[in-house]
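Each chain, letter by letter, is given below.
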Amino acid sequence: FYAFSEVADLRNFSQHPFQTLYKYFSTLCKIISVIVRNKISIIHCNHYEWSIYANPVGLILGKPVLIHLKDSYSLQPKLSRFLMKFYPHATYIAVSKYVKNLFIKNYQIDTKKTVVIYDAINMSSFNPLPSVEMKKKYRKRNKKITMISRVAPERNIELFIDIAALLIEKYPDITFHHYGYMPSKIESRYFLTLKRRVALLKLNNNFYFHQFIQNPHTVGKYLRESFLSIITSANYALPNIAIESLSCGTPVIAYKNGGTLEVIKSAISLVEVNSPILYMNHIEKLLHDESLYMNLVFCGIHDSKLFTPFLQSEKLISLYDSLL
């Protein structure tokens, strides 16, 4: 569906009702045409916002519809929620148990028609370092702590900056790196507040902002170089960056909430309250205990194998078979 440039953004309906309706129904017709011409048996929709197209088409053509549930809110709420709730031939794929429970509670989705299939990670881009190299990384004075996220208020980058301010007072050789700024996006105002925060806290020699990285192999390289990966967001459906970090052999310290609990198993890596002091305490434990750190490394590599493409594709194929 992403191939259609005419796709309607229903947020524009109040301002451009006729244009929005025209785009919506013309896109529906094109999708129906593609499905009929190609004799498609199942409509698999990778994001539930697109259920505004998938469900009506499935209803018209009598085709089963698979819809991924990823977010805790809907961009196009009214029509999307209505269709998700009442279309009888839809099956929902939740990317985590947390998301499944959230949608059952909020939208009364039938629990029998909702399955959990995790997003799979291409592990070839996120291989760990050899054990000897991991130990060398641990013993380096100029350790690197990394956060990879969109530049958006819900990612709580301010907290990452505050953690840096606390740690650098005691460990001036540590550097902090945030990856994710996209100059082409409208982030300038918020990004400016973050840079000002870094300057006010006098972190310019230890804290660095980097642009968004498109290449997964490059992401893997930076994660392998990092001593820790930090996640400060208060809510994640499923933090793929945590899976990628663990697969690289880089422990993750994250806020104990949402789908994060299904990725990170160790209590040592989970912060009960989103407080910079608690993050600092967790990090300090690892700075002073190599055996604890290495234990987290190997446990993380093991836990990340739950999210391999092979395991998730098996579940998906089984689901296709049941619908056909």
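Just so it is clear, the model here is predicted, and its values are computed rather than measured.

(A) Seen up close, a nonpolar patch on the surface. A contiguous nonpolar patch, built from Phe-13, Leu-21 and Phe-25 and spanning about 290 Å² of accessible area, is present on the exposed surface. Note that Phe-13 resides in the segment before helix 1 (17–37). Note on Phe-13: relative accessible area 39%, which makes it partly exposed.

(B) Structural context of the packing of aromatic side chains. All told, the structure shown has 12 aromatic pairs when counted by the stated rule. Measuring from centroid to centroid gives 5.7 Å for Phe-160 and Phe-176, while their planes differ by 65°, and the two rings are edge-to-face. Of this pair, Phe-160 sits in helix 6 (residues 157–170) while Phe-176 sits in strand 6 (residues 175–181), and the two are 16 residues apart along the sequence. Here the two residues Phe-160 and Phe-176 agree in accessibility, since each one is buried. Through a chain of ring-to-ring contacts, the aromatic side chains of Phe-160, Phe-176, Tyr-181, Phe-191, Phe-207 and Phe-209 assemble into a single cluster. A cation over a ring is seen here: Lys-143 above Tyr-138, with NZ or CZ 5.3 Å from the ring centre. A cation over an aromatic ring shows up here: Lys-143 above the ring of Phe-227, its NZ or CZ 5.5 Å from the ring centre.

(C) Region of interest: the sheet that holds strand 4 (residues 114–116). One open sheet holds the 4 strands; their spatial order is 1-2-3-4, and the pairing between them is parallel. The outermost strands of the open sheet, each flanked by one partner alone, are strand 1 (43–45) and strand 4. Here the strands of the sheet are splayed against their neighbours by 20° on average, with no regard to which way each runs. Across 5 bridges, strand 2 (residues 65–69) lies against strand 3 (residues 90–94) in parallel orientation. Bridged to Val-65 within strand 3 is Ala-90.

(D) Highlighting the pattern of salt bridges. A full pass over the atoms with the stated rule returns 9 salt bridges. Its salt-bridge partner being Asp-162, residue Arg-197 comes within 3.0 Å of it at the nearest N-O pair. Residue Arg-197 is found in helix 7 (residues 188–200), and its partner Asp-162 is found in helix 6; the two are separated by 35 residues along the sequence. Assessed through its relative accessible area of 31%, Arg-197 is described here as partly exposed. With a closest N to O distance of 3.1 Å, Lys-256 and Glu-272 form a salt bridge. Taken as a pair, Lys-256 in the loop between strand 9 (252–255) and helix 10 (260–263) and Glu-272 in the loop between strand 10 (270–271) and helix 11 (276–287) lie far apart in primary sequence, 16 residues in all.

(E) Expanded view of the side chain of Thr-91. With respect to the helices and strands, Thr-91 occurs in strand 3. Using a relative accessible area of 9% as the deciding quantity, one classes Thr-91 as buried. Not counting the four nearest positions on each side in its chain, Thr-91 is found in contact with Val-65, Leu-66, Ile-67, Lys-113, Leu-319 and Leu-323.

(F) The nonpolar core, seen in detail. In terms of nonpolar packing, the biggest core is built from 49 residues, with Leu-69, Phe-103 and Val-263 touching the most fellow members. Val-263 has contacts with Leu-238, Pro-239, Ala-242, Ile-243, Leu-246, Asp-303 and Phe-307, leaving out every residue within four places of it along the chain. Of all hydrophobic cores here, the second largest spans 41 residues; its members include Phe-207, Phe-227, Ile-283 and Val-297.

(G) Seen up close, the environment of Ile-243. Considering the arrangement of structural elements, one finds Ile-243 in helix 9 (residues 240–247). For Ile-243, a relative accessible area of 0% corresponds to the buried category. Residues Ile-243 and Asp-303 lie 60 residues apart in sequence; the distance between their C-alpha atoms is 8.4 Å. If near-sequence neighbours (up to four positions away) are discounted, Ile-243 is found in contact with Ile-121, Met-123, Leu-238, Val-263, Ser-304 and Phe-307.

(H) Region of interest: the sheet that holds strand 9. The 6 strands are arranged 7-6-5-8-9-10 in an open sheet whose pairing can be described as parallel. Each end of this open sheet is capped by a strand with a single partner; those strands are strand 7 (207–211) and strand 10. Against the sheet, helix 7 touches strand 6 and strand 7, its axis set at about 160° to strand 7.

(I) Looking closely at the environment of Val-36. Topologically, Val-36 is positioned in helix 1. The exposed category is assigned to Val-36, whose relative accessible area is 51%. For the pair Val-36 and Lys-112, spaced 76 residues apart in sequence, the C-alpha to C-alpha distance is 29 Å.

(J) Representation of the side chain of Ser-245 in the model. Position of Ser-245 among the secondary structure elements: in helix 9. Classification of Ser-245 by relative accessible area gives buried; the value is 0%. A distance of 2.8 Å separates a polar atom in the side chain of Ser-245 from the backbone oxygen of Ile-241. The contact partners of Ser-245, leaving out residues within four places of it in the chain, are Leu-223, Ser-229, Thr-250 and Val-252.

Rules used throughout
Residues numbered from 1 in each chain as written. Predicted model: local features only at pLDDT ≥ 70, side-chain atom pairs only at ≥ 80, totals over all residues. Heavy atoms only, no water. Patch = residues over 30% accessible without salt bridge, like charges linked within 9 Å, V, L, I, M, F, W, Y side chains within 5 Å. Areas by Shrake-Rupley, 256 points an atom, 1.4 Å probe, with all protein chains shown as cover. Salt bridge = Lys/Arg side-chain N within 4 Å of Asp/Glu carboxyl O. Helix = DSSP H or I, 4+ residues; strand = E, 2+ residues; numbered from the N terminus. Buried < 20%, exposed > 50% of the residue type's maximum accessible area, 1.4 Å probe, protein only. Phe/Tyr/Trp six-rings, centres within 6.5 Å; stacked < 30°, edge-to-face > 60°. Lys NZ or Arg CZ within 6 Å of the ring centre and 35° of its normal. Pairing = 2+ DSSP bridges. Axes fitted to C-alpha atoms, helices over the stretch in contact; angles between N-to-C directions. Contact = heavy atoms within 4.5 Å. Core = buried A, V, L, I, M, F, W, Y, C linked by side-chain atoms within 4.5 Å. Polar contact = N/O pair within 3.5 Å; in protein donor to acceptor, adjacent residues only side chain to side chain.

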